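Examining the three-dimensional arrangement
Residues per chain, in single letters:
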Amino acid sequence: MTYKAVLIPGDGIGPEVADAVVTILAAAQAPIEWIPRLAGIAALEGGAKELLPSETVAAIKEHKYALKGPCSTPVGGGFSSVNVALRKTLDLYGAVRPVRSLPGVQTRFDGVDLVVVRENTEGLYAGIENEITRGVVTSVKVATRDACTRIADFAFRYAVHRKRRKVSVFHKANIMKLSDGMFIRCAREVREAKFPELEYEELIIDAACMKLVQDPTRFDVLLMENLYGDVISDLCAGLVGGLGAVPGANYGEAGSVFEAVHGSAPDIAGKGIANPLALTMSAVMMLNHIAEKHEDAALAATAKRIRDAYDRALLDGCKTGDLGGTLNTKQFAQAVIDRL
Ligand code: NAI
């Protein structure tokens, strides 16, 4: 059985790390037929009229699975985020970012194994802003009961499915009493009604950050709204080696888009030194997801072979510069392939 998946290389380091991932999956004989599509600045450069061409969205709807490189968004002006637009257009409401200590990667902590679950469609991150009069800007934080309940249900289901023991909700409901207040109330209600066996806690996000950097091993599944999830994901990446080492997935009914937490890294783009690990890990998440959906044990075994190979490569000291090593993108990909 061969599965079709859309491949969106993206901008900056995106094409470099996407190439590496495609090479690794081919070497592992993962039965994926890639459907290449463009998004971001790469789409405009490729002759498209929009940053998010409708044929890219249509391809994801059709094939259900996509692996996506990062897309750049200008700071303080210019066009809106293609990444946000894609998540909203496809209603990919549940972002999952697993963060684990990696073998051979020395950090301040051992044994980190947590998962950030982020609401992906609402909150301040939606970027609804107005200059109501010169020098006065409002930024609207959207929260709906439906979306808060939906992401809570998603996080608890994920926790049970993955045999996780605890869900911690991060919030700022002491200040944002209505929006974050509703977020935690929905989480509480879902837990009481359907998942009472799971440990549960609510933490104000500022104190939660302190606890995270003091002892991340006390955490398991973290549930939060959009902007908090964005920030906390990068903080957590810093706990296990950096942005080159944390994968992600965006799930919805229309399909799933797998992408690393990192961005297009313009500071190193074109140099061939970006770490392809995070996107490779995202691809492994995609393979596992497809394997589960299709009850394909052979595909799950292929995903495990790739994961074991990059764990082994790291343990053997094969690392890119961001993790303290000397390998470039292609050399790291080869090190993984050598250990398949
Ligand atoms: P970034 O994640 O691109 O880079 C932050 C730092 O981490 C840089 O020093 C970079 O070199 C390093 N880094 C990131 N990924 C790496 C990798 N795979 N290997 C080695 N080093 C890596 O974040 P930044 O600079 O804030 O954003 C750059 C652009 O990316 C912006 O236009 C932003 O909007 C976009 N972005 C896109 C995302 C997406 O497509 N989902 C997510 C985050 C940012």
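Keep in mind the model is a prediction, meaning the values are calculated, not measured. (Residues numbered from 1 in each chain as written. Predicted model: local features only at pLDDT ≥ 70, side-chain atom pairs only at ≥ 80, totals over all residues. Heavy atoms only, no water.)

**Details of the pairing of strand β12 (residues 256-259)**
A regular strand carries its side chains on alternate faces of the sheet. The criterion, for reference: For every residue, the accessible area (1.4 Å probe, protein chains only) is compared with the maximum for its type, and the residue is labelled buried under 20%, exposed over 50%, or partly exposed between those bounds. Segments assigned H or I by DSSP are reported as helices when at least four residues long, segments assigned E as strands when at least two residues long, and all are numbered from the N terminus. Two strands make a pair as long as DSSP finds a minimum of two bridges between them.
Every second residue of β12 is oriented toward a common face, with S256 and F258 on one face and V257 and E259 on the other, all of them buried. Looking at chain direction, strand β3 (residues 65-68) and β12 are connected through 4 bridges and run parallel. Residue pairing across strands places K68 opposite E259, the latter belonging to β12. Examined bridge by bridge, strand β11 (residues 249-251) and β12 share 3 bridges and lie antiparallel to one another. Looking across to β12, one finds that N250 is bridged to V257. The antiparallel hairpin formed by β11 and β12 contains 4 residues in its connecting segment.

**Observations regarding the packing of helix α1 (residues 14-27) against helix α9 (residues 277-293)**
Heads up, the rule is: Orientation is described by axes fitted as lines to C-alpha atoms, over the contacting stretch for helices, and by angles from 0 to 180 degrees between their N-to-C directions. Roughly parallel means an angle under 35 degrees; roughly antiparallel means over 145; roughly perpendicular covers 65 to 115; every other angle is labelled oblique. Two helices that cross are described as forming a left-handed crossing if the nearer one is turned anticlockwise from the farther one by less than a right angle, and a right-handed crossing if clockwise. Should any heavy atoms of two residues lie within 4.5 Å, those residues are considered in contact.
One can describe the packing of α1 onto α9 by two numbers: an axis separation of 9 Å at closest approach and a directional angle of 50°. If you check the angle between α1 and α9, you find them oblique. By crossing handedness, the relation of α1 to α9 is classed as right-handed. Only L279, T280, A283 and L287 of α9 make contact with α1, whose side of the interface consists of V17, A18, V21, I24 and L25.

**Side note on the domain arrangement of the protein chain**
Selection criterion: Here the limits of each domain have been adopted from an automatic or database domain assignment. Accessible area that two parts lose when put together, evaluated with a 1.4 Å probe and summed over both, is termed the buried area. When a carboxyl oxygen of Asp or Glu is within 4 Å of a side-chain nitrogen of Lys or Arg, the pair counts as a salt bridge. Polar contact criterion, stated in full: a pair of N or O atoms within 3.5 Å, where within protein one must be able to donate a hydrogen and the other to accept it, and residues adjacent in sequence count only if both atoms are side-chain atoms. Amino acids are sorted into nonpolar (Ala, Val, Leu, Ile, Met, Phe, Trp, Tyr, Cys and Pro), charged (Asp, Glu, Lys and Arg) and polar (every other residue, Gly among them).
The domains assigned to the protein chain are domain 1 (1-107 + 241-340) and domain 2 (120-239). The interface is formed by 20 residues belonging to domain 1 together with 18 residues belonging to domain 2. With both chains or domains summed, domain 1 and domain 2 bury close to 1700 Å², and 55% of this area falls on carbon and sulfur atoms. For the interface between domain 1 and domain 2, the tally reads 2 salt bridges. Put simply, R150 and D91 hold a salt bridge, and the shortest N to O gap is 2.8 Å. For the pair domain 1 and domain 2, the number of links is 9 residue pairs in polar contact (both at pLDDT 80 or more). Mapped onto the side of domain 1 that touches domain 2, the elements with two or more residues apiece are α4 (82-89), β4 (94-100) and β11. Counting residues per element, the side of domain 1 that touches domain 2 draws most heavily on β4, at 5 residues. Looking at side-chain class alone, the side of domain 1 that touches domain 2 contains 10 nonpolar, 5 polar and 5 charged residues.

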